[in-house]
Amino acid sequence: MPFDKGYSDLLNDAMAGRANRRQVLRRAAVLGLSLPAIGALLAACGGDDDEATSTTSTGGETATEPAATSEPESSPTESEAESSPTESEAEASPTEGEAEASPTESEAAGSPTGSGEMSIDVAPEVANADAASQYSGATLTYYGDGVGIGNQLDETLAKAFTDATGIQITVIPRPEDSTETYATYQRAFEAKSGEIDVMMVDVIWPGAFAPHLADLTDAFSDMTSEWYESIVENNTIDGKLIGAPWFGDFGILYYRTDLLEQYGFDGPPATWDELEEQCKTIMEGEQANNPNFWGFVFQGKAYEGLTCDALEWIASSGGGSIIENGEVTLDNDNAKAILAKAGGWIGTIAPTGVTGYQEEDARNAFQGGNAAFMRNWPYAYAQGNDEGSAVKDKFDVGPLPAGDGGESVGTLGGWQLAVSTYSKNQEAAIEFVKYMVSADVVKWRAVVATFVPLIKSVAEDPDVIANQPYLENLADVTRVTRPSRETGENYNQVSTEFFQGVNEILTGGNADDIVPTIAQRIERLLG
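Note that the coordinates shown come from a computational prediction; the quantities given were computed from them, not determined experimentally. Position numbers for residues start from 1 in each chain and track the written sequence from start to end. Local features in a predicted model are, by the rule used here, given only for residues with pLDDT of at least 70; side-chain atom pairs are given and counted only at 80 or more, and totals for whole chains, interfaces and linings are based on all residues. For side-chain calculations, the full set of non-hydrogen atoms in the structure is used, while hydrogens and water are omitted.

Chemist: Can you walk me through the packing of aromatic side chains in this structure?
Modeler: For any two aromatic rings, the description comes down to two numbers: the centre-to-centre distance and the angle of the planes. Stacked, edge-to-face and tilted are the three classes for Phe, Tyr and Trp ring pairs, Trp counted by its six-membered ring, which pair at centre distances within 6.5 Å; planes under 30 degrees apart are stacked, over 60 edge-to-face, the rest tilted. For the structure on display, the rule yields 27 aromatic pairs. Judged by centre distance (6.2 Å) and plane angle (65°), the ring pair of Tyr 185 and Phe 209 falls under edge-to-face. Of this pair, Tyr 185 sits in helix 12 (residues 178-190) while Phe 209 sits in helix 13 (residues 206-209); the two residues are 24 residues apart in sequence, bridging distant segments of the chain. An identical accessibility class is assigned to Tyr 185 and Phe 209; each is buried. Site record: aromatic cluster; members linked through ring pairs are Tyr 143, Tyr 182, Tyr 185, Phe 189, Trp 205, Phe 209, Trp 415 and Tyr 422. Numbering of helices and strands runs from the N terminus; a helix is a DSSP stretch of H or I covering at least four residues, while a strand is a stretch of E covering at least two. Exposed residues in this analysis have more than 50% of their type's maximum accessible area, buried residues have under 20%, and partly exposed residues fall in between, with area computed by a 1.4 Å probe over protein chains only.

Below, the structure is given as structure tokens:
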């Protein structure tokens, strides 16, 4: 592995100072490099993890044009290749986006959510330190968060755990692209590699990865009743709890309150038609002074994120949820119509580069002040209100629009923490997971970074409610799930067929022709 071109390019970038330590870790994860190889790269890199943030610009203007990562004319395949996590970091001015959410700024401003007592750089105490310390000296590799502020929180928590227990943690940000994350785990499991001890697992993956994940049933028996029953059920495969619930997610609409008022709108759009109308009006006014301003940004790249977005478009327009009761229902007029409408957004109310956007690309555009509306997950709320954000105190969150006569829909997401059965330090790994999903840590993450808690008592905590006020606006949103239970271990292939087809429509393809093809391919996968 260390002798292939990807490794050589990364090594050269590290030695030449073109990649900092954080970028090296992410690119190494994408390449599936071994720990010794990663260690060699970090040694070549030198410096520290704050290099990226210390050299950033605080200007909001350029931070809002991440389209540099994704040429609008590129095909889905090219787009995917060109906007890989590696190049996103290299080309999309990651320093700008990170500058807006840098811990330095957060520290200067205190807690990003104004919580008062909690700080983003002070982790909760390690309540299980005594039990975990019996494994002092063990070393663990943790594939943690690679999106938004998550990696900063992971590093802070890992350091606190190491200081309290003597267990060493190497934190590796998972690829921002969840499809790449899935592939990374798949390669490690196929090789029965013990190089990953603890990992983040998407809410749709327990069924596919269960044979490779440790049974956590006994270790977490005293916590099971504290979590929401539905997520425990989701993570229980063949009677074994294979993932400890960590945080929840669902798609939501971010909108600029100042611009809605300025252009005479009483509230955010309730339908996709209203979204188009409001976008066009606001763009007409804003683009006179800011040519980079657009109406709507979302996750349009050919990856798992687009599956989530497109499922919301279709389900909210009466087109179903792709697979229902074992039957592929995608090929219907409502689904074709809303996907054709979404294709019409490109270059009119959404930038052409949105067909290569992931979560952070959209967040950078919105947070930099260059978009009126954004579809994203709850994590972006706290960062949007950071001191360095151009939209601080200028936005709110609400349900996503729906089709005429439809109802707002948010795709259900969320992540669990799991332990690999191939880990050589499973007991130490379980103690680390116990700390990471503890009520104290879950509350801290909810308050300083607006991650949605899955522990019932934490979700009802006044401090959490005060820092996630937008949840009150979302009580009536219908949650839709991706068809992972219907597809089992074939889910990743089914999703890939779906998001590649939708991306083809966004880049100019005809929905009437492409939707039946997607449906046929999914039917073949299901047998």
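Chemist: Honestly, the confidence of the model for the chain in this entry has me stumped. Any pointers?
Modeler: Reading predicted coordinates in detail is not appropriate for stretches of low pLDDT. Each residue carries a pLDDT score, the predictor's own confidence in it, on a scale running from 0 to 100. Considering every residue of the chain, the mean pLDDT works out to 83; 78% of them sit at 70 or more. Note that residues 1-5 has pLDDT below 50 and, in this model, seven contacts with residues that lie over four places away or in other chains. Considering only residues more than four positions removed or in separate chains, one finds that residues 46-115, a stretch of pLDDT under 50, has 131 contacts. Residues are treated as being in contact if the distance between any of their heavy atoms lies within 4.5 Å.

Chemist: Help me understand the packing of helix 11 (residues 150-165) against helix 22 (residues 439-449) in this model?
Modeler: The packing of two helices is summarised by the inter-axis angle and the distance between the axes. Lines fitted to C-alpha atoms define the axes, with helix axes restricted to the stretch in contact, and inter-axis angles between N-to-C directions lie between 0 and 180 degrees. Where helix 11 contacts helix 22, the axes come no closer than 12 Å and their chain directions differ by 145°. Crossing of helix 11 against helix 22: the hand is right-handed. Along its contact with helix 11, which presents Leu 153, Asp 154, Thr 156 and Leu 157, the element helix 22 presents Val 441, Trp 444, Arg 445, Val 448 and Ala 449. For this classification, the nonpolar set comprises Ala, Val, Leu, Ile, Met, Phe, Trp, Tyr, Cys and Pro, the charged set comprises Asp, Glu, Lys and Arg, and every other residue, Gly included, is treated as polar. Classifying every residue of the contact of helix 11 with helix 22 by side-chain character gives six nonpolar, one polar and two charged. Helix crossings fall into two classes, left-handed where the near helix is turned counterclockwise from the far one by less than a right angle and right-handed where it is turned clockwise.

Chemist: How should I be thinking about the nonpolar core in this particular structure?
Modeler: Looking at soluble globular proteins, one finds that nonpolar side chains tend to be buried together. We call a set of buried residues a nonpolar core when its members are Ala, Val, Leu, Ile, Met, Phe, Trp, Tyr or Cys and they connect through side-chain atoms within 4.5 Å of each other. Counting residues in hydrophobic clusters, the biggest one holds 145 residues, and the most contacted among them are Tyr 142, Phe 220, Trp 227, Phe 296, Trp 313, Leu 339 and Phe 373. Residues in contact with Tyr 142, not counting those within four places in the same chain, are Asp 154, Ile 169, Thr 170, Val 171, Ile 172, Val 198, Met 199, Met 200, Trp 246, Leu 417, Phe 432 and Met 436.

Chemist: Help me out: how do you make sense of the pattern of salt bridges in this one?
Modeler: When charged atoms on two side chains of opposite charge get close, those side chains can pair. Any Lys or Arg side-chain nitrogen located within 4 Å of an Asp or Glu carboxyl oxygen qualifies as a salt bridge. Taken as a whole and assessed by the stated rule, the structure comprises 17 salt bridges. One salt bridge in this structure joins Arg 375 and Asp 309, with 3.3 Å as the shortest N-O distance. Of this pair, Arg 375 sits in strand 11 (residues 371-376) while Asp 309 sits in helix 17 (residues 304-315), and the two are 66 residues apart along the sequence. Arg 375 gets classed as buried once you look at its relative accessible area, which sits at 1%. As a salt-bridge pair, Arg 363 and Glu 360 come within 2.8 Å of each other at their nearest N and O atoms.

Chemist: Help me understand the sheet that holds strand 11, please; the structure alone is not making it clear to me.
Modeler: Hydrogen bonds between backbone groups are what pair the strands of a sheet, and the pairing can be parallel or antiparallel. Criterion used throughout: strands pair if DSSP finds at least two bridges between them. Pairing is mixed in the open sheet, where four strands are placed in the order 8-11-7-12. Of all the strands in the sheet, just strand 8 (294-297) and strand 12 (395-398) have a single pairing partner and so form its edges. With direction set aside, neighbouring strand axes in the sheet form an average angle of 15°. Of the pairings in the sheet, the one linking strand 8 to strand 11 comprises three bridges and is parallel in character. Along strand 11, the bridge assignment pairs Val 297 with Met 374. Across the sheet, helix 16 (residues 272-286) lies against strand 8 and strand 11, angled at about 140° from strand 8, the strand it touches most.

Chemist: In this structure, what is going on with the pairing of strand 6 (residues 244-250)? I would like to understand it.
Modeler: Look at any regular strand and the pattern is simple: side chains alternate between the two faces of the sheet. Judged by how many residues are buried, strand 6 sits mostly within the fold: seven of seven residues are covered. Inspection of the sheet shows strand 6 paired to strand 13 (residues 409-419) by six bridges, in the antiparallel sense. Its bridge partner being in strand 13, Phe 247 is matched across the sheet by Trp 415. With two bridges joining them, strand 6 and strand 14 (residues 452-453) adopt antiparallel strand pairing. Within strand 14, the residue paired with Gly 248 across the bridge is Val 452.

Chemist: It is not clear to me how helix 27 (residues 511-526) should be interpreted in this structure. Could you clarify?
Modeler: In an α-helix, one turn spans 3.6 residues; hence positions three or four apart end up facing the same way. Between its first and last C-alpha, helix 27 extends 22 Å over 16 residues, near the 22 Å set by a 1.5 Å rise per residue. Within the span of helix 27, buried status applies to Ala 511, Ile 514, Val 515, Pro 516, Ile 518, Ala 519 and Ile 522. The inward-facing, buried residues of helix 27 contact strand 9 (323-324), strand 10 (327-328), helix 18 (333-345) and helix 26 (491-506). Of the residues one or two after helix 27, Gly 527 is the one with positive phi, at around 75°. A helix is expected to span 1.5 Å multiplied by its residue count minus one.

Chemist: Before we go on, may I ask you to explain the side chain of Ser 316 in this structure?
Modeler: Relative to the helices and strands, Ser 316 is located in the loop between helix 17 and strand 9. Under this definition, polar contacts are N or O atom pairs within 3.5 Å; protein pairs additionally need one hydrogen-donor-capable and one acceptor-capable atom, and for neighbouring residues in sequence, both atoms have to be side-chain atoms. A distance of 2.8 Å separates a polar side-chain atom of Ser 316 from the backbone oxygen of Glu 312. Not counting the four nearest positions on each side in its chain, Ser 316 is found in contact with Trp 272, Pro 401, Ala 402, Gly 403, Gly 406, Glu 407 and Val 409.

Chemist: I keep staring at helix 16 and nothing clicks. Help me out?
Modeler: In a regular helix each residue adds 1.5 Å, so 15 residues correspond to 21 Å; helix 16 covers 21 Å between its end C-alpha atoms and thus fits that length. All buried positions along helix 16 are accounted for by Trp 272, Leu 275, Glu 276, Gln 278, Cys 279, Ile 282, Met 283 and Glu 286. Residues of helix 16 that are buried in the fold lie against helix 15 (257-262), strand 8, helix 17, helix 18 and strand 11.

Chemist: What am I meant to see in the pairing of strand 2 (residues 168-173) here?
Modeler: Pairing analysis gives six bridges linking strand 1 (residues 139-144) to strand 2, with the strands arranged parallel. Bridging from a neighbouring strand, Thr 139 pairs with Gln 168 of strand 2. Regarding the hand of the β-α-β motif, the stretch spanning strand 1, helix 11 and strand 2 is right-handed. Here, the term right-handed applies to a crossover whose path from the first strand over the helix to the second runs clockwise when the strands point away from the viewer.

Chemist: Before we go on, may I ask you to explain unusual backbone geometry in this structure?
Modeler: Working note: non-glycine residues mostly have negative phi, and peptide bonds are mostly trans. The backbone of Lys 192 sits at a positive phi, close to 50°, despite the residue not being glycine. Judged by relative accessible area, which is 60%, Lys 192 ranks as exposed. Backbone geometry at Thr 450 places phi at a positive 55°, although glycine is not the residue there. One can find Thr 450 in the loop between helix 22 and strand 14.

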